[in-house]
Amino acid sequence: MTLDSDMPSYSRSHLRSLEDESVHILRELAAERERPVLLFSGGKDSIVLMRLSEKAFRPSRFPYPLMHVDTGHNFPEVIEYRDRAVAAIGETLIVARVQDSIDRGRVTEETGPRASRNRLQTTTLLDAIAEHRFDAAIGGARRDEERARAKERIFSHRDEFGQWDPKNQRPELWSLYNARLRAGEHMRVFPLSNWTEADVWQYIALERIDLPSIYFAHRRRVFRRDGMLYADGPFVQRLPGEDPFEETVRFRTVGDMTCTGAVKSAASTLDEVIAEVAAARVTERGATRADDRATEAAMEDRKKEGYF
């Protein structure tokens with residue numbers, strides 16, 4: 001593992017500067033809004049946000065609960081990690097389930113080999129925000145993930161319908177954030193906006209943060225579709241010719257099993273993952289998320305509707 005003492009001083013300085021900025025954003029949010037929530041999936045970005053929250057507020061409790069919007073089609077390793085990690089820090093976890101939205105008739109389950117619950121999360125998220133009267137939702141999105149993410153402000157306004165208008169964003173000069181809201185509106189807040197995937201991994205090494213095993217190389221039963229490797233499992237209906245096989249893979253990002261692909265990899269340690277990320281020429285979502293490949297504006301369209 002890469003230890004703090006082994007890391008070049010300029011790298012440590014850069015990461016501590018990012019940490020300071022993110023801690024400032026979290027503290028500013030806690031001061032400005034009354035009912036924030038931290039969106040926590042058990043993925044690496046939300047795990048880093050949980051550590052940053054500890055840096056910002058310990059020894060006090062977090063001034064917000066954690067919430068996972070659960071599709072019900074998650075990787076078991078991630079759910080196990082989610083529950084263990086939240087229990088370890090003694091914070092509150094709210095689970096908003098897509099299955100409940102389906103049962104209530106709020107959304108309609110997709111069918112067929114390419115069916116996914118990923119798009120259904122938007123309704124579940126907005127319903128949970130309304131139910132708990134949250135006025136700000138903290139997310140782990142970074143500007144290097146996908147081109148629509150780069151249009152976000154750090155404090156990103158959502159209207160009374162939970163929708164995002166990229167042409168109506170507030171200026172953030174001199175790191176001053178406008179968190180004022182009208183009734184029914186809320187904010188999405190992105191403390192990792194100025195981080196990259198490489199920064200996240202180096203910070204995980206610097207802080208010695210435990211992660212779900214799915215992020216490291218392991219043998220897994222997969223099948224190939226549209227140039228991507230998908231985990232074979234009960235939630236995905238394979239097409240003719242999509243025969244499963246075993247491969248050594250890891251996941252750069254985690255989400256719904258039906259739309260999250262793996263990459264062939266032998267990177268089983270933090271050092272090896274950091275080197276692999278440094279050599280990558282495609283963003284993690286561009287390489288492994290089928291929902292972002294639907295159209296060039298797929299992510300932006302979903303964000304306008306209220307997606308993460």
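This structure is a prediction, so every number in the text was calculated from the model and none was measured. (Residues numbered from 1 in each chain as written. Predicted model: local features only at pLDDT ≥ 70, side-chain atom pairs only at ≥ 80, totals over all residues. Heavy atoms only, no water.)

Q: Outline the packing of aromatic side chains, supporting the account with residue identities and numerical values.
A: Using the criterion set out here, one finds eight aromatic pairs in the structure. One Lys or Arg, Arg225, reaches over the ring of Tyr230 and ends 6.0 Å from the middle of that ring. (Phe/Tyr/Trp six-rings, centres within 6.5 Å; stacked < 30°, edge-to-face > 60°. Lys NZ or Arg CZ within 6 Å of the ring centre and 35° of its normal.)

Q: Kindly report on the pairing of strand β2 (residues 66–70), identifying the contributing residues and their values.
A: The buried fraction of β2 amounts to five of the five residues, a majority that puts the element mostly inside the structure. Both faces of β2 are covered, namely the face carrying Leu66, His68 and Asp70 and the face carrying Met67 and Val69. For strand β1 (residues 36–39) and β2, the ladder comprises two bridges, and the chain directions are parallel. By the bridge assignment for β2, Leu38 is matched with Leu66. Of the crossover connections in this fold, the one passing from β1 over helix α2 (residues 44–57) to the parallel β2 is right-handed. Examined bridge by bridge, β2 and strand β3 (residues 93–97) share five bridges and lie parallel to one another. Among the inter-strand pairings, His68 is bridged to a residue of β3, identified as Val95. Between β2 and its parallel partner β3, the chain crosses via helix α3 (residues 76–89), and the hand of that crossover is right-handed. (Buried < 20%, exposed > 50% of the residue type's maximum accessible area, 1.4 Å probe, protein only. Helix = DSSP H or I, 4+ residues; strand = E, 2+ residues; numbered from the N terminus. Pairing = 2+ DSSP bridges. Right-handed = clockwise from strand over helix to strand, strands pointing away.)

Q: Break down the sheet that holds strand β7 (residues 218–225) for me, with residues and values.
A: Across a sheet, paired strands are connected by hydrogen bonds in the backbone, their directions being either parallel or antiparallel. Strand order in the closed barrel formed by four strands is β7-β8-β10-β9, with antiparallel pairing between adjacent strands. Strand-to-strand twist of the sheet, defined as the mean angle between neighbouring strand axes without regard to direction, takes the value 70°. (Axes fitted to C-alpha atoms, helices over the stretch in contact; angles between N-to-C directions.)

Q: Describe the pattern of salt bridges, with residues and values.
A: Tallied over the full model, the rule gives 29 salt bridges. In this structure, the salt-bridge partner of Arg106 is Asp127, at a minimum N-O distance of 2.8 Å. Separated by 21 residues along the polypeptide, Arg106 in the loop between α4 (98–103) and α5 (121–132) and Asp127 in helix α5 bring together distant segments of the chain. Under the relative-accessibility criterion, Arg106 is labelled partly exposed at 46%. By sharing partners, the salt bridges in this structure join Arg16, Glu19, Arg51, Glu54, Lys55 and Glu207 into a single network. (Salt bridge = Lys/Arg side-chain N within 4 Å of Asp/Glu carboxyl O.)

Q: Which residues make up a nonpolar patch on the surface, and what are the values?
A: Where nonpolar side chains cluster on the molecular surface, the patch consists of Leu173, Trp174 and Leu176 and spans about 430 Å² of accessible area. Its location among the elements puts Leu176 in the loop between β5 (155–158) and β6 (186–189). Assessed through its relative accessible area of 55%, Leu176 is described here as exposed. (Patch = residues over 30% accessible without salt bridge, like charges linked within 9 Å, V, L, I, M, F, W, Y side chains within 5 Å. Areas by Shrake-Rupley, 256 points an atom, 1.4 Å probe, with all protein chains shown as cover.)

Q: Can you break down the packing of α2 against helix α6 (residues 197–207) residue by residue, with the values?
A: Relative to each other, α2 and α6 sit at 55°, their axes nearing to 10 Å. Our classification of the angle between α2 and α6 gives oblique. You can see that α2 and α6 cross each other, and the crossing is left-handed. Contacts between α2 and α6 involve Lys44, Asp45, Val48, Arg51, Leu52 and Lys55 from the first element and Glu197, Val200, Trp201, Tyr203, Ile204 and Glu207 from the second. The residue makeup of the contact of α2 with α6, split by class, is six nonpolar, no polar and six charged. (Parallel < 35°, antiparallel > 145°, perpendicular 65-115°, else oblique. Left-handed = near helix turned anticlockwise from the far one by under 90°. Contact = heavy atoms within 4.5 Å. Nonpolar A, V, L, I, M, F, W, Y, C, P; charged D, E, K, R; others polar.)

Q: If you had to explain the environment of Asp45 to someone new, which residues and values would you point to?
A: Mapped onto the fold, Asp45 is located in helix α2. Asp45 sits in the buried class, given a relative accessible area of 11%. Taking the C-alpha atoms as reference points, Asp45 and Gly139, 94 residues apart in sequence, are found 8.5 Å from one another. Among residues more than four places away in sequence, those in contact with Asp45 are Gly140, Arg142, Leu192, Val200 and Glu284.

Q: Just give me the short version of the environment of Met187, but keep the residues and values in it.
A: Following the sequence through the fold, Met187 ends up in strand β6. Each C-alpha atom, one on Met187 and one on His157, is 4.8 Å from the other, the two residues being 30 residues apart in sequence. Here Met187 is in contact with Asp135, Ala136, Ala137, Phe155, Ser156, His157, Arg170, Asn178, Ala179, Arg180 and Leu181, once residues within four sequence places are set aside.

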